[in-house]
Amino acid sequence: MLIDTHCHLDAAEFDPDRAAVIARAAAAGVRLAVVPAVEVANFAAVAALAAAHPKSAVAGTAAPPGLTVATAYGIHPLYVPRAQEDDLAQLAATLETALAGPRPPVAVGEIGLDGFAPALQTPQLRARQEALFLAQLKLARDFGLPVILHIRRAQDTVLKYLRQVFGKGGGPGGIAHAFNGSAQQAGAFLDLGLRLGFGGTLTYEGSQRIRRLGATLPGDALVLETDAPDIPPAFAPRQRNEPAHLAAFAAVLADLRGISPDEAAALTGANARAALPGLAAYGG
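This is a predicted model, so every value here is computed, not measured.

Conventions we followed
- Residues numbered from 1 in each chain as written.
- Predicted model: local features only at pLDDT ≥ 70, side-chain atom pairs only at ≥ 80, totals over all residues.
- Heavy atoms only, no water.
- Helix = DSSP H or I, 4+ residues; strand = E, 2+ residues; numbered from the N terminus.
- Rg over C-alpha atoms; globule rule 2.2 N^0.38 Å.
- Buried < 20%, exposed > 50% of the residue type's maximum accessible area, 1.4 Å probe, protein only.
- Contact = heavy atoms within 4.5 Å.
- Areas by Shrake-Rupley, 256 points an atom, 1.4 Å probe, with all protein chains shown as cover.
- Lys, Arg positive; Asp, Glu negative; His and termini not counted.
- Charge placed at Lys NZ, Arg CZ, Asp CG, Glu CD.
- Pairing = 2+ DSSP bridges.
- Axes fitted to C-alpha atoms, helices over the stretch in contact; angles between N-to-C directions.
- Phe/Tyr/Trp six-rings, centres within 6.5 Å; stacked < 30°, edge-to-face > 60°.

(A) Region of interest: the overall build of the chain. Scanning the chain from N- to C-terminus turns up 9 helices and 8 strands. At 18 Å, the chain has a C-alpha radius of gyration in line with the 19 Å of a compact globule built from 284 residues. When burial is assessed residue by residue, the chain has 51% of its 284 residues classed as buried. Sequence separation of 24 or more characterises 74% of the internal contacts of the chain that already satisfy a separation of 6 or more. Accessible surface, the chain: about 11700 Å² in total, of which carbon and sulfur atoms supply 54%. Between the centroid of the 23 positive side chains of the chain and the centroid of its 25 negative side chains there is a distance of 4 Å.

Here it is in C-alpha cells:
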C-alpha cells in the first residue's frame with residue numbers, strides 16, 4: 001500500500017482543485033495520506049478533510065478505492081511567532097477529544113525545530129521554539145502518541161530533546177520528516193525508534209547523500225512522503241508538489257534498492273503502519 005506519511009492537503013495551494021488532486025492521488029495508487037496540522041488555526045480544517053475522505057471502500061465492493069486522510073495535530077516551528085499563550089492547552093484538548101472519536105490522531109505533529117529560517121534564529125524565538133517543542137514532546141508522551149518531526153538543520157538538538165523526554169533507550173515512535181542528515185544522525189533517530197521520511201529529494205541525482213541513505217539504510221528505516229505542496233521532485237521542478245507523485249518516489253526508491261516498485265510500496269507501507277499504529281483506524 002502506498003502511504004503518504006506527510007502531506008499538507010489542507011494548504012491554500014490546493015484550494016482551487018483539491019478534489020482533482022485527491023482523485024489523481026487515488027488513481028496513482030496512493031491509499032492513505034497523513035495530513036499534519038501546523039497551528040491551532042488549522043486544526044478544524046485538518047479534521048474536516050479527514051471527515052470528507054474517510055476509510056476507503058471495502059475490498060470486493062463496486063466502489064473504487066479512494067484516498068483516506070488521517071490526522072495529526074501539532075504546532076509547527078515556523079508558526080511559533082504567532083502561537084498564543086493557550087495554544088498548548090488547545091492542542092491537548094484537541095488530542096483528548098479526537099482520540100475518543102472516529103478519526104483519532106495518528107501522531108503529535110508536525111512539531112520540531114527549524115534552524116534554517118533566518119527570522120526564527122533570534123535568541124528569543126529560538127528559545128520559544130525549543131520551549132514549545134519540549135512541551136509538545138511531553139504531550140506526546142502523556143497521550144502515548146508517536147511524533148512527526150520537523151528537523152531542518154536541527155537534527156542534533158531535536159535528538160537531545162527526544163532523549164531528555166523519552167530516555168536514551170527508547171522513543172515515542174514516529175517519523176523524522178524530510179530527513180536530510182548524516183548516516184550517524186540517521187542511526188541516532190533509528191535507535192530512538194523513529195523512521196525516516198524520504199520524498200522528492202530522492203529524485204534529484206545531485207542529492208547523493210540522500211540517495212545513498214535511501215539505498216543503504218535498513219529496510220525498516222524508511223517511509224515515503226511528499227510534503228505536498230512543498231519539496232517538488234526533479235520531474236516537476238518549481239511546480240506544486242502533490243500526493244500523486246508518491247508512486248514515482250516509490251519507483252525511484254525501488255531502483256536505488258534494487259527491488260520492484262510494488263516491493264517498495266509494501267515495505268514503506270508496512271514501515272508507516274509500524275511508525276504510526278493509529279493508521280489502523282483508517283484502514284492502514
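(B) Highlighting the sheet that holds strand E5 (residues 147–150). Here 5 strands make up an open sheet; going across it, the order is E4-E5-E6-E7-E8 and the pairing parallel. Strands with a single pairing partner mark the edges of an open sheet, and in this sheet they are strand E4 (108–112) and strand E8 (222–224). The mean inter-strand angle of the sheet, taken between neighbouring strand axes irrespective of direction, is 30°. For E5 and strand E6 (residues 174–177), the ladder comprises 4 bridges, and the chain directions are parallel. When the sheet's bridge partners are listed, His-150 is paired in E6 with His-177.

(C) Quick peek at the sheet that holds strand E3 (residues 68–72). Spatial strand order, E1-E2-E3: 3 strands in an open sheet with parallel pairing. With one partner strand each, in any of the chains shown, strand E1 (2–4) and E3 form the two edges of the open sheet. Strand-to-strand, the axes of this sheet are offset by a mean angle of 20°, without reference to chain direction. Pairing of strand E2 (residues 30–36) with E3 involves 5 bridges; the strand directions are parallel. Bridge pairing in E3 places Val-34 opposite Ala-70. Sheet strands touched by helix H8 (residues 246–257): E1 and E2. Its angle to E1, the strand with the most contacts, is close to 110°.

(D) Quick look at the packing of aromatic side chains. A full pass over the atoms with the stated rule returns 5 aromatic pairs. On the numbers, 6.1 Å between centres and 85° between planes, the contact of Phe-179 with Phe-189 is edge-to-face. Highlighted residues: Phe-179 in the loop between E6 and helix H6 (183–191) and Phe-189 in helix H6, separated in sequence by 10 residues. The pair formed by Phe-179 and Phe-189 is uniform in burial state, with each residue classed as buried. Aromatic pair Phe-235 and Phe-249: ring centres 6.3 Å apart, planes at 50°, arrangement tilted.

Remember, this is a structural readout, not a statement about activity or role.
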